[in-house]
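Structural characterization, general
Each chain, written out:
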Amino acid sequence: MDDRPAPPVAGLDDFQRIEKQVVELVHKVRPAIVGVMSPSQAALPRRGRYAPGASGVIITPDGLVLSQLHISHRRPEDTDFSVLDRPGERTTVILADGQECVAELLGANRTYDLSLLKLVAGERYPFVPLDPNARVRQGDWVVRLGHPLGFRKDRPAPVRLGRVLGSVPEAFATDCPTMSGDSGGPYFDLEGRLVGLINSLDAGVTAHFLGDESSEVDISTGVYSAVASPRIATLLDSLRRGEMPAARGRPHILSLQGADRLPADEWSQGSRHKAMLKPLMEPLRDSVVLVLNGAVGVARGTGVAADGWVVTRASALPPKPRCRLADGTAVDVEVVGV
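Residues numbered from 1 in each chain as written. Predicted model: local features only at pLDDT ≥ 70, side-chain atom pairs only at ≥ 80, totals over all residues. Heavy atoms only, no water.

1. Regarding unusual backbone geometry
- Even without a glycine there, the phi angle at aspartate 113 is positive, about 55°.
- Following the sequence through the fold, aspartate 113 ends up in the loop between β5 (100–109) and β6 (114–119).
- A positive phi angle, close to 70°, is found at leucine 149, a residue other than glycine.
- Counting through the fold element by element, leucine 149 comes out in the loop between β7 (141–145) and β8 (159–168).
- Residue class for leucine 149 comes out partly exposed when judged on its relative accessible area of 44%. (Helix = DSSP H or I, 4+ residues; strand = E, 2+ residues; numbered from the N terminus. Buried < 20%, exposed > 50% of the residue type's maximum accessible area, 1.4 Å probe, protein only.)

As structure tokens, this is what we get:
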């Protein structure tokens, strides 16, 4: 693979090409994104909109599910990965269509916080294969899918787009927005190849961005590293066999300084990209509203029709929302669908 940094986005045509690629790949891979619970979570009653647990991806047609140890094998009382559910125990995996399936725990790797499960029904499942040759380089665009806050039957796996800020053979870092519940979810390149899984244990990545040129780096969206698919592929046989080796140090922590790091203005939300998109956004500014809980703003919304229809984020809606319009006027609203 060519290890030179990916070429920068040159203009709006490039953004439109990326958008088209993202739409195509999401249609292809989203059916393989699943919700994953630990055995203790699977035994809990369902409350509210969300099912407990986090994310995973089916990587074989017979139902092997790749996720993370702290999602699938960790017990509530476990604080240091010393008390884990063992291979052979049963749990629940939720398919993209909302069907809850029984899955068996296989192996887990403490060093890379990886785990493997097997759907036991013996059916053929939608899947995205793990490609041992799939690698990304600095500047590549990647797509992240998962189930933030947990699985919701009325919501397909949300899609986040970001750029690779730096990479080494076994890991890479991105600026894809990520939150609780995304653990265990995969990254894909724009060709739809599974290129890695989030590495939740690597909390050192963000700290390494606080050195040179820190004033130029906006880390408000978070910086997350991923275990690259070539490394996962080397561990897959061990996970299939149900092995759970002791942790051996920490995986490579990306020290992204200077030339090793994508310049801040080239990040997905960087200043150069914002400047390119500004001519498109200015005419739309008056259609943006602020969703209020009392007097406090809790989400943005977009007006999509002249008679007052607004689309916003359902998970942020308070019991009695109001909206502040672009001119500062606050108005009452009615929630008509979620």
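2. Quick word on helix α1 (residues 12–29)
- Taking 1.5 Å of rise per residue, the 18 residues of α1 would be expected to cover 26 Å, and the 26 Å separating its terminal C-alpha atoms lies within 8% of that figure.
- What α1 keeps buried is the set Asp14, Phe15, Ile18, Val22, Leu25, Val26 and Val29. Down the axis of α1, the sector holding all buried residues measures 100°, keeping them to one side. Away from its buried face, by an angle of more than 90 degrees, α1 presents the exposed residues Asp13, Gln16, Glu19, Lys20, Val23, His27 and Lys28.
- Its buried side turned inward, α1 meets β1 (33–36), β7, β8, β10 (186–189) and α6 (271–281). (Expected span 1.5 Å × (residues − 1). Arc of directions from axis to C-beta. Contact = heavy atoms within 4.5 Å.)

3. A short note on the side chain of arginine 155
- Inspection of the secondary structure puts arginine 155 in the loop between β7 and β8.
- No salt bridge forms around the buried arginine 155; measuring N to O, its nearest opposite-charge neighbour aspartate 154 is 6.1 Å away.
- Here proline 148 takes part through its backbone oxygen, which lies 3.0 Å from a polar atom of the side chain of arginine 155.
- With residues up to four places along the chain from it excluded, the contact list for arginine 155 reads Tyr50, His147, Pro148 and Gly150. (Lys, Arg positive; Asp, Glu negative; His and termini not counted. Salt bridge = Lys/Arg side-chain N within 4 Å of Asp/Glu carboxyl O. Polar contact = N/O pair within 3.5 Å; in protein donor to acceptor, adjacent residues only side chain to side chain.)

4. Remarks on the nonpolar core
- Ranked by size, the top nonpolar core spans 33 residues in total, and within it Val57, Ile59, Leu116 and Phe188 carry the most contacts.
- Mapped by element, the contributors of at least two residues to this core are α1, β3 (64–67), β6, β7, β11 (194–198) and α5 (229–240).
- Of all the elements, α1 adds the most residues to this core, at 6 residues.
- Beyond its immediate chain neighbours, meaning those up to four positions away, phenylalanine 188 contacts Leu25, Val29, Ile33, Val128, Trp141, Val142, Val143, Leu145, Arg193, Leu194 and Val195.
- Listed in part, the 14 residues of the second largest apolar core include Ala54, Val65, Cys101 and Tyr125. (Core = buried A, V, L, I, M, F, W, Y, C linked by side-chain atoms within 4.5 Å.)

5. As for the packing of aromatic side chains
- Going through the model one piece at a time under the given rule, you end up with 2 aromatic pairs.
- For the pair phenylalanine 15 and tryptophan 141, a centre-to-centre distance of 6.4 Å together with 75° between the ring planes defines the contact as edge-to-face. Taken as a pair, phenylalanine 15 in helix α1 and tryptophan 141 in strand β7 lie far apart in primary sequence, 126 residues in all. With respect to burial, phenylalanine 15 and tryptophan 141 carry one shared label: buried. (Phe/Tyr/Trp six-rings, centres within 6.5 Å; stacked < 30°, edge-to-face > 60°.)

6. Things to note about the pairing of β8
- One ladder, built from 5 bridges, connects β7 with β8; its direction is antiparallel. Within β8, the residue paired with leucine 145 across the bridge is valine 159.
- As judged from the 4 bridges shared by β8 and strand β9 (residues 171–174), these two strands associate in the antiparallel manner. Looking at the pairing, valine 168 lines up with alanine 171 of β9.
- The antiparallel hairpin formed by β8 and β9 contains 2 residues in its connecting segment. (Pairing = 2+ DSSP bridges.)

7. What about the confidence of the model for the chain?
- In this model, the chain carries an average pLDDT of 86, and 89% of its residues clear a pLDDT of 70 or more.
- Predicted confidence is poor over residues 203–221, with pLDDT under 50, and the contacts of this stretch with residues over four places away or in other chains come to 36 contacts. (pLDDT = per-residue confidence, 0-100.)

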